[in-house]
Amino acid sequence: MSKVEEFEDLRSLLFSIAYRILGSVSEAEDAVQEAWLRFDASPTSPTSPKAFLSTTVTRLSIDVLRSARVRREEYVGPWFPEPLLNDPYQDPARSVELADSVSMAALLLLERLSPLERSVFVLREVFAFGFDEVAQAVGRSEAACRQLLVRARRHMEAGRPRFRADGQERQELATRFLDALKDGDLTGLQRLLAGDVQLVGDSGGKAPQLAKAITGAQNVARLLAAFFPWLLRIGVTAEPHDVNGEPGAIVRDQDGQVLHIMSFEVLDGRISTIRSVVNPDKLAHLGPVADAWAVDREVREARRASR
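Parameters and conventions
Residue numbers restart at each chain and count upward from 1, following the sequence in its written direction. The model is predicted, so local features are restricted to residues of pLDDT at least 70 and side-chain atom pairs to those at 80 or more, both for listing and for counting; the totals for chains, interfaces and linings are taken over all residues. Values shown for side chains rest on all heavy atoms present in the structure; no hydrogens or waters enter the calculation. By definition, two strands form a pair when at least two bridges between them are found by DSSP. Helix numbering and strand numbering both begin at the N terminus, where a helix is a DSSP run of H or I of at least 4 residues and a strand a DSSP run of E of at least 2. Only heavy atoms matter for contacts: two residues are in contact if any of them lie within 4.5 Å across the pair. Only the stretch in contact is used when a helix axis is fitted, and all axes are lines through C-alpha atoms; the angle between N-to-C directions ranges over 0 to 180 degrees. Whenever Lys or Arg places a side-chain nitrogen within 4 Å of a carboxyl oxygen from Asp or Glu, that contact is recorded as a salt bridge. Burial classes follow relative accessibility: with a 1.4 Å probe on protein chains only, a residue under 20% of its type's maximum area counts as buried, one over 50% as exposed, and anything between as partly exposed.

J.: Would you mind showing me how to read the sheet that holds strand β2 (residues 214-215) here?
T.: For sheets, the rule is that strands pair by backbone hydrogen bonds, running either parallel or antiparallel. Reading across from one edge, β2-β1-β6-β5-β4-β3 is the order of the 6 strands in this open sheet, with mixed pairing throughout. Each edge of the sheet is formed by a strand with only one pairing partner; in this case those strands are β2 and β3 (237-240). Note that strand β1 (residues 193-202) and strand β6 (residues 270-277) share 6 bridges and pair parallel. Looking across to β6, one finds that L199 is bridged to I274. Of the strands in this sheet, β1, β3, β4 (248-252), β5 (258-267) and β6 touch helix α9 (residues 167-183), which is tilted by about 130 degrees from β5. Those strands touched by helix α11 (residues 217-233) are β1, β2, β3 and β6, and its axis lies near 55 degrees from that of β1.

J.: Looking at this structure, I do not really get the environment of Q209. What am I missing?
T.: Its location among the elements puts Q209 in the loop between β1 and β2. Q209 sits 85 residues away from A294 along the chain, and the two C-alpha atoms are 13 Å apart. When near neighbours in sequence (up to four residues on either side) are disregarded, Q209 contacts G201, D202, S203 and V278.

J.: Honestly, the pattern of salt bridges in this entry has me stumped. Any pointers?
T.: A pair can form between side chains of opposite charge whenever their charged atoms are brought close. Enumeration according to the criterion identifies 16 salt bridges in this entry. E239 is the salt-bridge partner of R252, the closest N and O atoms lying 3.3 Å from each other. Of this pair, R252 sits in strand β4 while E239 sits in strand β3; the two residues are 13 residues apart in sequence, bridging distant segments of the chain. Under the relative-accessibility criterion, R252 is labelled partly exposed at 22%. The class for E239 is partly exposed, based on a relative accessible area of 32%. One network of salt bridges, in which partners are shared, links E27, R71, R72, E111 and R118.

As structure tokens, this is what we get:
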């Protein structure tokens, strides 16, 4: 195989590693591209292209994550990962681990870990790298990596829900929720939401956003039932789509441009968290992005005209 063929064969794995470490599609793509440049520039062919490239992309991601931590601390409002609609890396033997590790909830738990803990956890727990491979990738001894993994597992297990609905149940619940949302069905929405449900948005200060998280089934249902039908009246659509391996929707404006992404976390047969990514910087990789401020003004004008 040529270098190009070897790299392309590993590209999806490299992106999936980088995305889980960084929580950013754009930064993961940059790390993968830089790994290719270093691989291509290497004067000798590595004994194991997989080891060379996974080590390179991991170390690049660790460096980026360390600098990103400062930016995220200064971020306006809640920070969510950039939404991923399709994970390019598929491994039937580890499909459950892969799907679980890319969810919004899991990526937010990974934010609690240090860059090294996060990298060790991703390589070992998600992609089943041997400890010798993990040690090489992060530049630490195998013994140190085992300790990092113990700490990472402890943090992750402490934050994970005890019971998680299966895929079919989650999809069916999301379908009923979106139907009720489009109809402005207050009672129907309330029945599908957990009592302590949270509606949280990430705008980064660059799009209209709730002043704070909305909590409670009645409050969330009332807000959605009052506002979402007005979006539909001006031509906004909500297209069901998996988001980070969980049920969700792509919301588009009248011209089909991406307005925001919703993802639903499901526990005990109810939607427990609704996360909305509105920050245009985090939507650019999905295609043309809508002007959320213009859509908001149009909704307000339509509501005033109806009074």
